[in-house]
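# Observations on the model geometry
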Amino acid sequence: MIRLTCTAALIALGSTALTGAGASAQERRPSADEAQMRAERTLAQMTQDEKVQLIHGTMAVVVPKPRRPRDMPMGAGVIAGVERLGIPPQYATDASLGISNIMDMRKGDVATALPSGLSLASTWNPALLRAGGRMIGSEALAKGFNVMLAGGVNLVRDPRAGRNFEYLGEDPLLGGVLVGAQIEGIQSNGIIATIKHFALNNQETGRATASVNMGEAAMRESDLLAFQIGIERGDPGSVMCSYNKVGGIYACENSFMLNDVLRRDWGFKGYVMSDWGAVHSTEALLAGLDQQSGETVDAKRWLSTELRPKLADGRIPAAALDTAVKRILWAIYAKELDKTPLGPKPIDYAKNAEVALQAAREGTVLLRNEGALLPLAKTVRSVVVIGGKANLGVPSGGGSSQVVPVGGFRVIEKLSDGAAAVFSRRAWGGSVPLAALQGALGGVQVTYLDGSDAQAAAVAAKAADVAIVFATKFSTEAEDQADLVLDGAQDALIDMVASANPRTVVVLETGNPVAMPWLGKVPVVLSAWYSGQRGADAIADIIAGTVNPSGRLPVTFPASVAQLPNPKLPGADLPPPSKEDKIRYGVNTNSPPFNITYPEGSDAGYRWFDRTGQKPLFAFGHGLSYTMFRYSRLKVKGGRTLRASFTVTNTGGREGADVPQVYVTLPGKARRLVGWDKPMLKRGESRTITVMADPRLLADFDMPSQRWVVKPGKVKVELARSATEPVLSTQATLSAQKLKP
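These numbers were taken from a predicted model, which means no experiment stands behind them. (Residues numbered from 1 in each chain as written. Predicted model: local features only at pLDDT ≥ 70, side-chain atom pairs only at ≥ 80, totals over all residues. Heavy atoms only, no water.)

A word on the overall build of the protein. Helix and strand content of the protein: 19 helices and 30 strands. Computed over C-alpha atoms, the radius of gyration of the protein comes to 25 Å, within 12% of the 27 Å expected from 2.2 N^0.38 for 741 residues, which places it in the range of a compact globule. Pairs at least 24 apart in sequence give 76% of the contacts found in the protein among residues at least 6 apart. Accessible surface, the protein as shown: approximately 25600 Å² in total, 52% of it carbon and sulfur. In the protein, the 82 positive side-chain charges and the 70 negative ones have mean positions that sit 4 Å from each other. (Helix = DSSP H or I, 4+ residues; strand = E, 2+ residues; numbered from the N terminus. Rg over C-alpha atoms; globule rule 2.2 N^0.38 Å. Contact = heavy atoms within 4.5 Å. Areas by Shrake-Rupley, 256 points an atom, 1.4 Å probe, with all protein chains shown as cover. Lys, Arg positive; Asp, Glu negative; His and termini not counted. Charge placed at Lys NZ, Arg CZ, Asp CG, Glu CD.)

Okay, structure coming up:
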């Protein structure tokens, strides 16, 4: 059990910004059984054509205008309803970071842009994820959508993967708890959220052709556990299956994943929708797929045109269609889509922006602060801001999750044309770092250079009291990164600036961890990730000291790619896909088929570093504050699970939030995060915190018995500031136990 202490600011946020956003929690949702009975009654009244209508859909832009319902919003997809039975249409929108508007489908439409998934995960604050989910869900509803393709919880296994910025880190407990909270918030609006991409969709190279080959126990203890925890906590109406293969079988027709794990073992009652272009056969319906979401980008209309003759001659039994329809109806009734009126409604963007601002504040991680250079002293009179589009703002990465922020983009840099432009465009907007710093550092002369001339930047830095270099690295869906190096010549720029002025601050606005060859010269490093609508204001608040940073890393920053389980990104050295590959695997094909193996198995991220004894550049869980915290009185109780209690005291000079973390090391295993808290403490204040461990985190998945097995005996328990910085340790004795998968 994770218990999080909300800050006063977050409590206030929940009582104003959320209700003001137009969201309202339902007083009472139907029980699972009630929804099931309604689904069965409705199913009994449906014709076969009406049933088929419910299991396939298209992209809104390809629906001819004369056939578009008046209230149909332009978004990711549309599934027609059945008006005579009161079954509403399903209008879907991307994604986890806000309401996207790909290729300006809704002319001029904007939305509140949350920070990236890694920034949200850096908050370690489920209450804040719930607030953000409720906010973006309310905007989806106001714009006419009742299905959100959120939230993403694929584990970060390789820091070069292009979609890492959308996800919630490398740990299954952290990611699962946070995504569950986000889904709960979204669905409080009476709409459906979609946990994705199920599963082992950990890189973009080979996104449509690669097969991930991993043992079942390793899957259960890592990637699948993140989904399992997220589903248990958030109860999403839908699961989206991924493009890739698992064990040689496409994820969207993988009966083991969809029928055995998801339905039999976890008891999931909702429906499985495909990713757009991820369906490859009609038989996927038998393997657990319920809905072909974007049939226009699949090779064929597998669950409509191709399905009907197979239903007619019995090759696909009618019962399979009924099962899929019943699951979709269950989600509609359980989440009350049929009772939720769709937009348009007014949106209070000013209040919603406060949610994005709080998320950016808590998601910014102070990685290094030598000499306590931050917050800037009142004696500072001149600051030069250099590079990183600090005169424009860096709100997001690329791809289907990209949100057009309120105010629109200031500049869009198209790297390609046609369909690929959706994924590759770099767009600048949101709050502006330069302006935010000028406002926050009143009385300080703040100037700007774009960094294109490193020599000029060094000269300006030498003349200023402090230099602040903004550094970027672009990440996008459909494309992985070649390395951990900052884009262009930014590493050289930082080196020259820091050589000229030892009082240099580097602000990283990236979608992934990056290498830092200049780290020894730079006293301060802030990881602001892609910081969304109000990210620049959050950065300025932290630099000025009006906000005390509390972010902690949800991923490990390796010192180099040589430390990674796969130093060479799988598939990166393959030739482009052939014409035959593209025909066979579809529009998302970006490589020939190949296999992916992960040597780390279940020990993703920090657990790999612990297992191999390597020292990362910055550890999972790391993050600094402007105050100090003391840990004491660690007590643990074992038995069928583990209960740890301890006291955290703010021994510094100002109020701040800390993130104490509890890790357990089983005999012969790598350490595992089993719990944390995030108390906000006034100076001198102490608080006793209790963490209860999920027994699955104390267990191994045993293949012969198909059970989680907790072995009896002693385990090491550590109270830590990060995965590599234990402060207090003790032992606990666990009792033998077996748990259902």
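Residues of helix α14 (residues 433-440) that are buried: Pro-433, Leu-434, Ala-436 and Leu-437. Angular distribution of buried residues about the axis of α14 spans 165 degrees; they occupy a single face of the element. Of the surrounding secondary structure, the elements contacted by the buried residues of α14 are β11 (382-386), β14 (445-449), β15 (466-473) and α17 (535-544). (Buried < 20%, exposed > 50% of the residue type's maximum accessible area, 1.4 Å probe, protein only. Arc of directions from axis to C-beta.)

Applying the stated criterion across every chain yields a total of one disulfide. Between the sulfur atoms of Cys-241 and its disulfide mate Cys-252 the distance is 2.0 Å. Between Cys-241 and Cys-252 the sulfur-sulfur dihedral comes to about 105 degrees; the bridge is accordingly right-handed. Of the two residues, Cys-241 sits in strand β6 (residues 238-241) while Cys-252 sits in the loop between β8 (249-250) and α9 (255-265), which places them 11 residues apart along the sequence. The exposure class assigned to Cys-241 is buried, which follows from its relative accessible area of 0%. According to the relative accessible area criterion, Cys-252 is buried, its value standing at 1%. (Disulfide = S-S within 2.5 Å.)

Quick look at the pairing of strand β22 (residues 661-665) now. Here β22 lies mainly inside the structure; five of its five residues are buried. Every second residue of β22 is oriented toward a common face, with Gln-661, Tyr-663 and Thr-665 on one face and Val-662 and Val-664 on the other, all of them buried. In this sheet, strand β23 (residues 672-676) lies alongside β22 in antiparallel orientation, the contact comprising four bridges. Across the sheet, Gln-661 pairs through a bridge with Trp-676, a residue of β23. (Pairing = 2+ DSSP bridges.)

Looking now at the sheet that holds strand β25 (residues 686-692). Strands sit in the order β19-β20-β25 across an open sheet of three strands; the sheet is antiparallel. Every other strand in the sheet has two partners, leaving β19 (629-637) and β25 as the edge strands with one partner each. On average, each strand axis in the sheet is tilted by 20 degrees relative to the strand beside it, whichever way the strands run. As paired elements, β19 and strand β20 (residues 643-650) share seven bridges and run antiparallel to each other. Its bridge partner being in β20, Phe-629 is matched across the sheet by Asn-650. (Axes fitted to C-alpha atoms, helices over the stretch in contact; angles between N-to-C directions.)

Attention now goes to the packing of aromatic side chains. As enumerated under the stated definition, the model contains 10 aromatic pairs in all. Ring centres of Phe-165 and Tyr-530 lie 5.6 Å apart, and the angle between their planes is 75 degrees; this geometry places the pair in the edge-to-face category. Of this pair, Phe-165 sits in the loop between β3 (147-148) and α6 (172-187) while Tyr-530 sits in the loop between β17 (524-527) and α17; the two residues are 365 residues apart in sequence, bridging distant segments of the chain. Across the pair, Tyr-530 and Phe-165 agree in class, each one buried. Here the aromatic residues Trp-124, Tyr-606, Phe-620, Tyr-663 and Trp-676 are joined through ring pairs into a cluster of three or more. Cation over ring: Arg-157 sits above Tyr-598, and NZ or CZ is 5.1 Å from the ring centre. Taking the ring centre of Tyr-250 as reference, the NZ or CZ of Lys-245 above it sits at 4.9 Å. (Phe/Tyr/Trp six-rings, centres within 6.5 Å; stacked < 30°, edge-to-face > 60°. Lys NZ or Arg CZ within 6 Å of the ring centre and 35° of its normal.)

Turning our attention to the sheet that holds β15. Reading across from one edge, β10-β17-β16-β15-β11-β14 is the order of the six strands in this open sheet, with mixed pairing throughout. The two strands at the open ends of the sheet, each matched to only one other strand, are β10 (365-369) and β14. Within this sheet the neighbouring strands show an average axis-to-axis angle of 15 degrees, counted without direction. Its contacts with the sheet put α14 on β11, β14 and β15, and the angle it makes with β14 is roughly 170 degrees.

Turning our attention to the nonpolar core. The biggest cluster of nonpolar side chains holds 153 residues, and the ones touching the most others in it are Ile-55, Ile-87, Phe-198, Leu-329, Leu-642 and Leu-673. If you tally residues by element for this core, the top one is helix α11 (residues 318-334), at 11 residues. Apart from the residues within four sequence positions on either side, Ile-55 is in contact with Leu-285, Asp-290, Gln-291, Gln-292, Leu-303, Leu-307, Leu-321, Ala-324, Val-325 and Ile-328. (Core = buried A, V, L, I, M, F, W, Y, C linked by side-chain atoms within 4.5 Å.)

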